[in-house]
Amino acid sequence: MMKIVKNITACFAIAIILTSCAAGGNDQGTEYAPNMYHSVAYEPYSQITDPAAGRWLTSIDYEDGHAEFYNSNTLNANTMGVAMNMRTPPANTVPRNKQGWLPYRIPKDSLELAAKRLKNPLDSTTQVIADGKVLYETYCQHCHGAKGMGDGKVSDKYNGIANLKGDAIKNVTEGHIFHVITNGKGLMWAHGSQMSVEDRWKISKYVKVLQK
Ligand code: HEC
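Not measured: the values here are computed from a predicted model.

1. Here's the deal with the overall build of the protein chain
Reasoning step 1: The helix and strand inventory of the protein chain stands at seven helices and zero strands.
Reasoning step 2: If you list the helices and strands of the protein chain from N to C, you get α-α-α-α-α-α-α.
Reasoning step 3: Expressed as a percentage of its 212 residues, the buried residues of the protein chain come to 27%.
Reasoning step 4: Contacts in the protein chain between residues far apart in sequence, at least 24 positions, make up 50% of those at least 6 positions apart.

Pasting the structure below:
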């Protein structure tokens, strides 16, 4: 009788051991020492300032008596209660892009201001104009046409597409064109979210070439 009970107990024990190994997908199975598999999240914006934090976990004694988690961000130690690797930028800091350009903030309804103030930062090199042509063919030609006459394929269905060589437009500044590409105008939709600032300036250059 005793033997049967022992056998049954052994069977259950083996069954439990086998079923607890069912790791897969999102189920990591049973872990015996999780801190060996999972690295501690590194938080660049924070620092643990409580000297007692983590005391419950280990009995490691540091020289100044703090516990395991204190100052866990060792790359930038805790000074004056603020310690982070990534610092909050000073007030009024403005982000710039890779070329060092400031964000474009002239509002949509200020076309005249943009036209007068904005200067194309790019030179009229063959490369810039060649790039501008490719971009124009991608983003503008289907409406404005290969020569800018407002006769692209879309003009069969979409009325009022401007002739870029027409009297009203042919003398506009590159800043004017840049602003129209960025914010749209009237029936033309904004393209600012689809094109980098640099690409918009390249197209503006190319439109001036087309208009000649
Ligand atoms: C969906 C068709 C469409 C696309 C794509 C399009 N445009 Fe236009 N564009 C228009 C229409 C329509 C107008 C006339 C807007 C108005 O005055 O109502 C216009 C007007 C303009 C004007 C004249 C603005 C003014 O001051 O009167 C310029 C310059 C211009 N587009 C440049 C571009 C460039 C550069 C691109 C490519 C990045 C482009 N457009 C893409 C439809 C389009």
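That was the structure; now back to the text.
2. As for the coordination of the iron atom of the ligand
Reasoning step 1: Surrounding the iron atom of the ligand are the protein donor atoms H144 (NE2) and M188 (SD), at 2.0 to 2.1 Å.
Reasoning step 2: Geometry at the iron atom of the ligand is octahedral, judged from the six donor atoms that bind it and their angles of 87 to 178° at the metal. In this pair, H144 is assigned in helix α5 (residues 141-144) and M188 in the loop between α6 (174-183) and α7 (197-211), connecting sequence segments 44 residues apart.
Reasoning step 3: Its relative accessible area of 26% is what places M188 among the partly exposed residues.

3. Regarding the environment of L187
Reasoning step 1: As for its placement among the helices and strands, L187 is situated in the loop between α6 and α7.
Reasoning step 2: For L187, a relative accessible area of 55% puts it in the exposed group.
Reasoning step 3: A C-alpha to C-alpha distance of 9.4 Å links L187 and A162, two positions 25 residues apart in sequence.
Reasoning step 4: With residues near it in sequence (within four places) discarded, L187 still touches Y158, N159 and G160.

4. Focus: the site of the ligand
Reasoning step 1: Around the ligand there are 22 residues in total, and C140, C143, H144, H176 and M188 lie nearest to it.
Reasoning step 2: When residues of the shell around the ligand are traced back to their parent elements, those giving at least two are α5, α6 and α7.

5. Structural notes on the nonpolar core
Reasoning step 1: Counting residues in each nonpolar core, the largest one holds twelve residues, listed as L135, Y136, C140, L164, V172, I177, I181, M195, I203, Y206, V207 and L210.
Reasoning step 2: Breaking this core down by element, the ones donating at least two residues are α4 (126-139), α6 and α7.
Reasoning step 3: No other element matches α7, which puts four residues into this core.

6. As for the pattern of salt bridges
Reasoning step 1: Taken as a whole and assessed by the stated rule, the structure comprises five salt bridges.
Reasoning step 2: Note that E137 is salt-bridged to K133, the shortest N-O span being 2.8 Å. Highlighted residues: E137 and K133, both in helix α4, separated by four residues, approximately one helical turn.

Criteria and cut-off values
Residues numbered from 1 in each chain as written. Predicted model: local features only at pLDDT ≥ 70, side-chain atom pairs only at ≥ 80, totals over all residues. Heavy atoms only, no water. Helix = DSSP H or I, 4+ residues; strand = E, 2+ residues; numbered from the N terminus. Buried < 20%, exposed > 50% of the residue type's maximum accessible area, 1.4 Å probe, protein only. Contact = heavy atoms within 4.5 Å. Donors = N, O, S within 2.8 Å, 3.2 Å for Na, K, Ca; no water. Tetrahedral: all angles 85-135°; square planar, octahedral: opposite > 155°, others 65-115°. Near = heavy atom within 4 Å. Core = buried A, V, L, I, M, F, W, Y, C linked by side-chain atoms within 4.5 Å. Salt bridge = Lys/Arg side-chain N within 4 Å of Asp/Glu carboxyl O.

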